[in-house]
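# Commentary on secondary and tertiary structure
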Amino acid sequence: MTVTLNQPAAIAGTRVMGLGAYRPELVIDNEQICQWIDSSDEWIQQRTGIKTRHRAPEHVSVVDMAEGAAREALEHAGISGEELGGVIVATVTHPFATPSAAADLAHRLGATPAAAFDISAACAGYCYGIGQADAMVRSGLSRYVLVVGVEKLSDFIDNHERTISFLLGDGAGAAIIGPSETPGISPSILGSNGEKWEAVAMDSTLLNFRDALARARETQDATELLNAENRYWPTLRQDGPTVFRWAVWEMAKVAQQALDAAGITADDLVAFVPHQANIRIIDEMVKQLKLPEHVMVGRDIVDAGNTSAASIPLAMHRLLKENPELSGGLALQIGFGAGLVYGTQVIRLP
């Protein structure tokens, strides 16, 4: 006899119900950056578009920032933490390999026993999370899912190196995904190109750091200990030209795939919210996608810098706050970064 398994009934549609943001109070301008690297405010603005970036103080953690953004998103969506069936945190800067930031966050929000897990997809992490949350709700696994993109990149940079440190900021953005009578999230386009794995990467491993500390302790050499701490603690580096070319020439094609998968054209959009990597990349993507003038473009990078997984929800939160008339319209979002990985979808703005 064949036994038939139970399966939950599929949900027809999902949507973003609410957004939240957390921006650390400490603001670092380009003049301060130029105390660490040989550069100028004019050069940084011309090359990246960045004027300032936010950095979190030592006592503020990844989960602290995630909680701040999540509570605003819950309030915006009109639900409580207890109603969440899933908590997804996209981050590469949680200082614990395990347990997850999501499990801690779920507990703080009263979401226990919601499913909770982290995603390590760098600057595409938020879009990966939206794709996962969409699938969880449509499959009937969870009614409401929280997605948070959060980074404390200041813990993993060397302020004196000039390939990436001056670009990066800290912060968190969050979204609540729930059921909808009509589709509010298009099919996700997710992918990777591991051939360029080293284009954005850490310059060391935690194992190297451990071994360097062990050698320093064995010799009880204070200078060697200081060198171990300064030279082997993993910090971010990037091959800027490689990343720039890849983002400019490949990501516009991926964004177009998302529009095609959604069954719409650029004319149907009210907003475009790309990963806030570099203002020149954003402007070039706008040109390649031939976005109409009425489409508003997220350019949060000017004041927030590159916040990796947090950049899209932060930019979207700001765009909606400054332009509430966009509510209910369609927005194309795309994240891309270390891996190299990418993720994109079209959403209906809450």
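From a predicted model like this one, the values you see are computed outputs, not experimental measurements.

### A look at the pattern of salt bridges
Counted according to the given criterion, the structure contains 16 salt bridges. The salt bridge partner of Arg108 is Asp104, with a shortest N-O separation of 3.5 Å. Placement of both Arg108 and Asp104 in helix H4 (residues 101-108) is noted, with a separation of 4 residues, approximately one turn of the helix. Using a relative accessible area of 28% as the deciding quantity, one classes Arg108 as partly exposed.

### Structural notes on the sheet that holds strand E8 (residues 189-192)
The 5 strands lie next to each other as E8-E14-E13-E11-E12, forming an open sheet whose pairing is mixed. With one partner strand each, in any of the chains shown, E8 and strand E12 (296-297) form the two edges of the open sheet. Where strand E13 (residues 330-337) and strand E14 (residues 341-348) come together, 8 bridges link them in antiparallel fashion. Considered in E14, the bridge of Gly335 is made with Gly343. Running at roughly 40° to E14, helix H8 (residues 240-262) makes contact with E8, strand E11 (269-274), E13 and E14 of the sheet.

### Some details on the side chain of Thr52
For Thr52, the position within the fold is in strand E3 (residues 52-55). With residues up to four places along the chain from it excluded, the contact list for Thr52 reads Val27, Ile28, Asp29, Ile301, Val302, Asp303, Ala304 and Gly305.

### Some remarks on the nonpolar core
The biggest cluster of nonpolar side chains holds 47 residues, and the ones touching the most others in it are Met251, Leu269, Phe272, Leu291, Leu332, Ile334 and Phe336. Put simply, the parts of the chain that give this core at least two residues each are H8, E11, helix H9 (279-289), E13 and E14. Among the elements that make up this core, the one with the highest residue count is H8 (9 residues). Not counting chain neighbours up to four residues away, the residues in contact with Ile334 comprise Cys127, Met251, Val254, Ala255, Phe272, Val273, Pro274, His275, Met285, Ile312, Gly343 and Thr344. Counting residues in each nonpolar core, the second largest holds 32 residues, with Val16, Leu19, Ile177 and Met316 among its members.

### Considering the UniProt feature "domain: Beta-ketoacyl-[acyl-carrier-protein] synthase III N-terminal" (unreviewed entry) in the protein
Sites flagged by UniProt as "domain: Beta-ketoacyl-[acyl-carrier-protein] synthase III N-terminal" (unreviewed entry) map to residues 117-194. As annotated, residues 117-194 comprises 18% helix and 33% strand, and the C-alpha atoms at either end are separated by 23 Å.

### So, unusual backbone geometry
Only a minority of non-glycine residues have a phi that is not negative, and only a minority of peptide bonds are not trans. The amide bond that connects Thr98 to the next residue, Pro99, takes the cis arrangement and shows omega of 0°. With respect to the element layout, Pro99 can be found in the loop between strand E4 (86-90) and H4. The phi angle at Lys290 is positive, at roughly 55°, despite the residue not being glycine. With respect to the helices and strands, Lys290 occurs in the loop between H9 and E12. Located in the positive-phi region is Ser308, a residue other than glycine, with phi close to 55°. Here Ser308 lies in the loop between helix H10 (301-304) and helix H11 (311-322).

### Some points on the packing of helix H3 (residues 62-77) against H4
One can describe the packing of H3 onto H4 by two numbers: an axis separation of 10 Å at closest approach and a directional angle of 50°. With respect to H4, the element H3 is oriented oblique. Crossing handedness for the pair H3 and H4: right-handed. Residue-level contacts link Val63, Asp64, Ala66, Glu67 and Arg71 of H3 to Ala101, Asp104, Leu105 and Arg108 of H4. Broken down by class, the residue content of the contact of H3 with H4 amounts to 4 nonpolar, no polar and 5 charged.

### Considering the packing of H8 against H9
Two numbers describe how H8 lies on H9: the axes approach to 9 Å, and their chain directions differ by 40°. Put simply, H8 runs oblique to H9. With respect to the hand of their crossing, H8 and H9 are arranged in right-handed fashion. Between H8 and H9, the contacting residues are Phe244, Ala247, Val248, Trp249, Met251, Ala252, Ala255 and Gln256 on the first element and Arg280, Ile281, Glu284, Met285, Gln288 and Leu289 on the second.

The rules behind the values
- Residues numbered from 1 in each chain as written.
- Predicted model: local features only at pLDDT ≥ 70, side-chain atom pairs only at ≥ 80, totals over all residues.
- Heavy atoms only, no water.
- Salt bridge = Lys/Arg side-chain N within 4 Å of Asp/Glu carboxyl O.
- Helix = DSSP H or I, 4+ residues; strand = E, 2+ residues; numbered from the N terminus.
- Buried < 20%, exposed > 50% of the residue type's maximum accessible area, 1.4 Å probe, protein only.
- Pairing = 2+ DSSP bridges.
- Contact = heavy atoms within 4.5 Å.
- Axes fitted to C-alpha atoms, helices over the stretch in contact; angles between N-to-C directions.
- Core = buried A, V, L, I, M, F, W, Y, C linked by side-chain atoms within 4.5 Å.
- UniProt positions renumbered as here; feature names shortened; annotations may be inferred.
- Parallel < 35°, antiparallel > 145°, perpendicular 65-115°, else oblique.
- Left-handed = near helix turned anticlockwise from the far one by under 90°.
- Nonpolar A, V, L, I, M, F, W, Y, C, P; charged D, E, K, R; others polar.

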